[in-house]
Amino acid sequence: MLQVLIQGLLLSGLYSLIAVGFTLIFSVGRVLNLAYGAYLMMGAYCYFYVTQTLGIPKPIGFVLAASVGAMAGVLKYRFLVKPLKGDHVAVEISTLILAVVIQAGIVFIFNDSAKVLHPIVPGVIWVGGAAVTYNMVAATLASWAILVLLYLFVRRTHTGRAMQAVSMDAKGAALSGIDPDKVNMITWVISGILGAAAGVFFASYTQVNPSMWVAPLIIAVAVVIVGGIGSILGTLVVAHIIGFMEVISTTFIAAELRGVFTMLLIIVVLVMMPKGLFGREEL
Amino acid sequence: MAADIKTRHVLLWAIFIGGMCLLPFVTTPGTLRTIIFANYLAIFAMSWDFLTGRTGYVSFGHPFLIGIGAYASAILSYRYGVPVAISIPLAVIITMIGGTLFFLPALRIRGSYFALVTLAFMELMYQLVQVIRPDITGGTRGMSGIQTITSGAFNNFYLSFALMAVIAVILWTLTRTRLGTALSAIGMNEESVRGSGLDTTKLKLFAFMVSACVAGIGGAFYVHYLGSIAPRNLFDINFLFTIIVAALIGGASTVVGPMAGAFFLTFLLEYLRPWLPGSERYFVYGAIALVLYMYQPKGLYQIIVDSLGIGKSRNKQEAAGDSAA
Amino acid sequence: MTALLEVSRLVKRFGGISAVNDLSFEVNQGESLGLIGPNGAGKTTVFSLIMGEHRQNSGTVTLAGEDLSADPTYLRIQKGVSRTYQVPRPFADINVAENIRVGLMPNSIRRMISEGPDPDAELALARSVGFAAADLEKTPGELSMGDLRKLELARTLATAPKVMLLDEVFAGLTVGEITQISDLLAEKRKEGMTYVIVSHDLRSLEPLIDRAVAMTFGHVIAEGTFREVMDNEKVRAAYLGH
């Protein structure tokens, strides 16, 4: 029981981090970035290459991974999303294609075998007969730290408030002197950094492989759909629902079924409540 | 039938079908096998396009429909010894029923959410097939040794081509009727279609049923051509990607486009095989599709039509952009 | 005279805000009614409620004695109400003839397939709103605002309405286009069409209507001839932003 609680909390923290970057884009830019999972993959591969192939210290690897994410965000916004002028169908289709292109590019460079990432923080602690890796604890703590920083950024800084304004009413924000283009660009950069960071932690929890982008994308999609668009509270709550559902179904039912509940949750909530559990709230 | 069909159209179809029928006498069995795959991909792409290209509802769940058709027929014939002549029609009906039940609520949801729900269906199916009754579905490894309808590249070519051509002609004829105009109008402005006194739910459901029917036929015949089935080959984003890219490269919201796109992609794959044997080829696929899509969302079809100056040069992109804004 | 369209005690709340609040009016056969009021008075919402695009919280909409209140939009259109929009909504990728064709279609998939389009009817409708035969091949991207409004009128007329609801038909038009549309509406009126017209352009509206209903904050404040309504104290106050 204690194990379920701890595992659930740890996993949910990670899922919150995965989902928040995706929510941010949906909320501010009003488009679904189906290539979001690819940020995670690029971040993870970059970290893997820098720290384990080149043997460069981990913090530098982490920073480099984050910059790759930021760069990907800029490029994606400049060359894909902006030219398509917020045409939802076009953005969804083109980002999905992009994700597969990135996946293929990764296979091209790193081949398609899975790679194991060394724990970011090695060591294990035993809690009530259950093994809890320091790595997972570190990932969760880092997730929470990043989420708090993001919250403060959105609430306290000028840029953050501009993001809020654009997410509520892009035209109104533009009229009051905010450059939506610039705000969108910043949001894509932040989303890219968050994705890449989440990717490093996610990879240290599972492994690095070329199809590792699908599962986090589905999780992010579920969290956004169920939690409502652009609600940080909703994101947190739903990330915990999904995290705990996974841990509970893995422990008590069958490990293979853990993704099924996430999918069912998406379908049931979308059909019953098209606006999500928490509706549309502020950022 | 009251479709807008001119002698020119009939002639072009006759030349295309006649030419294809002569192919087996001038090419190698290897090329024929490539074309067989292209025929099935064309069926899937046309199915996807009939829903998404027309009505504007993006389906990321087509592998789910194709998978239902394939699994239903495979299970019926492999596990229960049902003759293929019965299992395939049953599978198509199961695809249409199962698909409609799942998608009916999804048709109430608009835009991005529809795409997501269909994506969720595909992933759900992938996981369920492996877990629920693996003794029937074959679990993660799937099934092999499924009865084939006919053997040899020659026979299979004619079977798959006949199937593809019949479906293409039927879908093409449908799009030349007023129904085709109405379905496309939904993609442009659903409210205005409703405001013209038409029941859009009925129209969308019809579009979906046709799409599911074609997907079911394609899936069922395909599995009896391959003789094997595995969840990761079907309920897979790469498979979805291939279908969508085929439709987009050729030209969405046309029938000829997805068909041509499927052939183009399949042959591209064949040419690339010596250099890119693995899944790296998706890099080339995707890059081409992405650049083309950004340049002309209506694909090669539109580029060819524009460059030949067929019809009046309509400023489609601009008009579409204005109505979206 | 019996009322053709009757709106009775209509209420529509969005969240806590009442957009339409206990609103009643009626339009007689062959009559032209002007619905006027300041921005945000709820005029467009009334149209949406009559068409069933939004569902009222309470109240009824009756057409020729038949209660439409529970019908979906397409059924109401079949029964004889139709509307245009402030911002025209054409089908961008198909030409004028095909746009009108959608309006002419029966709501039957079987008949859509088995019966071809009727080019004569399409041309006649296009002509009746002032298009030339050559315009049929144009796409909406090539049309002016005036032409777009005409196209919308043609598509609306194609559904053979008994009552037409016209939302800001003069907005964004040149003086010449306004005259053109006014003449067109006047002509249709002679043929017996019944209208409810919303417009901010009161000068153009006046000659087109028999009677006016003024509303603000979702309910009727005055009713009568155009002059009577415009001279009403409450209406003046409402327009002055009181």
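Our subject in this report is the structure included herewith. (Residues numbered from 1 in each chain as written. Chains lettered and ligands numbered in written order. Predicted model: local features only at pLDDT ≥ 70, side-chain atom pairs only at ≥ 80, totals over all residues. Heavy atoms only, no water.)

Focus on unusual backbone geometry
All names here are of chain C. Selection criterion: Secondary structure follows DSSP: runs of H or I at least 4 residues long count as helices, runs of E at least 2 residues long count as strands, and numbering of each begins at the N terminus. Here's how the labels work: a residue is buried when its accessible area is under 20% of the maximum for its type, exposed when over 50%, partly exposed in between, all with a 1.4 Å probe on protein chains only.
With a phi angle near 50 degrees, A64 is a residue other than glycine that sits in the positive phi range. Structurally, A64 is set in the loop between strand 4 (58–63) and strand 5 (66–67). Unusually for a residue other than glycine, A160 sits at a positive phi of about 50 degrees. Judged by relative accessible area, A160 falls into the exposed class, the value being 57%.

Regarding the sheet that holds strand 7 (residues 163–167) of chain C
Residue and element names in this part refer to chain C. Just so we agree on the cut-off: Two strands form a pair only when DSSP identifies at least two bridges running between them. Note on definitions: angles span 0 to 180 degrees between N-to-C directions of axes, and those axes are lines fitted to C-alpha atoms, for helices only across the stretch in contact. In this description, contact between two residues means that some pair of their heavy atoms is separated by no more than 4.5 Å.
The 6 strands are arranged 6-7-8-3-9-10 in an open sheet whose pairing can be described as mixed. Only two strands of the sheet have a single partner each, and these edge strands are strand 6 (81–83) and strand 10 (219–224). Averaged over all neighbouring strand pairs, the angle between strand axes comes to 20 degrees, with direction disregarded. Most of the contacts of helix 6 (residues 145–158) go to strand 7, to which it runs at about 160 degrees, and overall it touches strand 6 and strand 7.

Re the nonpolar core
Where we set the bar: What is meant by a nonpolar core is a set of buried Ala, Val, Leu, Ile, Met, Phe, Trp, Tyr and Cys residues, joined one to another through side-chain atoms within 4.5 Å.
Within the largest apolar cluster, 215 residues are counted, with the highest numbers of intra-cluster contacts made by A:I18, A:I97, B:Y40, B:F60, B:M164 and B:L203. When residues of this core are assigned to their parent elements, the largest contribution, 15 residues, is made by helix 1 (residues 2–29) of chain A. Ignoring anything within four residues of it in the chain, the contact list for B:F60 reads A:L34, A:E92, A:I93, A:L96, B:A115, B:T118, B:L119, B:M122, B:L240 and B:I244. The next biggest cluster of nonpolar side chains, apart from the first, holds 41 residues, and it includes C:V96, C:L153, C:L185 and C:M230.

Some points on the interface of chain B and chain A
Frequently, the measure chosen for interface size is the accessible area removed from exposure when the parts meet. The cut-off we apply is this: Take the accessible area each of two parts loses on contact, using a 1.4 Å probe, and add the two losses: that sum is the buried area. Any carboxyl oxygen of Asp or Glu that lies within 4 Å of a side-chain nitrogen of Lys or Arg is treated as forming a salt bridge with it. Ten residues, namely Ala, Val, Leu, Ile, Met, Phe, Trp, Tyr, Cys and Pro, are considered nonpolar, four, namely Asp, Glu, Lys and Arg, are considered charged, and the remaining ones, Gly among them, are considered polar.
With 38 residues of chain B at the contact, the number on the chain A side is 41 residues. The junction of chain B with chain A conceals about 3,500 Å² of combined surface from both sides, 83% of it contributed by carbon and sulfur atoms. Here chain B is connected to chain A by 0 salt bridges. Put simply, the parts of the chain that give the side of chain B that touches chain A at least two residues each are helix 5 (111–131), helix 12 (237–250) and helix 14 (281–295) of chain B. For the side of chain B that touches chain A, the residue count by class is 29 nonpolar, 6 polar and 3 charged.

Thoughts on the interface of chain C and chain B
At the interface, 35 residues of chain C touch 30 residues of chain B. A buried area of about 3,000 Å², summed over both sides, lies between chain C and chain B, and 62% of it is on carbon and sulfur atoms. Its largest share of buried area at the contact with chain B, chain C owes to C:D93, C:I109 and C:I113, together 22% of the area lost on that side. Our enumeration of links across chain C and chain B arrives at 1 salt bridge. Between C:E115 and B:R178 there is a salt bridge, and its shortest N-O distance comes to 3.7 Å. Among the secondary structure elements, those contributing two or more residues to the side of chain C that touches chain B are helix 2 (73–79), helix 3 (96–104) and helix 4 (109–114) of chain C. Of the residues that constitute the side of chain C that touches chain B, the class distribution is 14 nonpolar, 12 polar and 9 charged.

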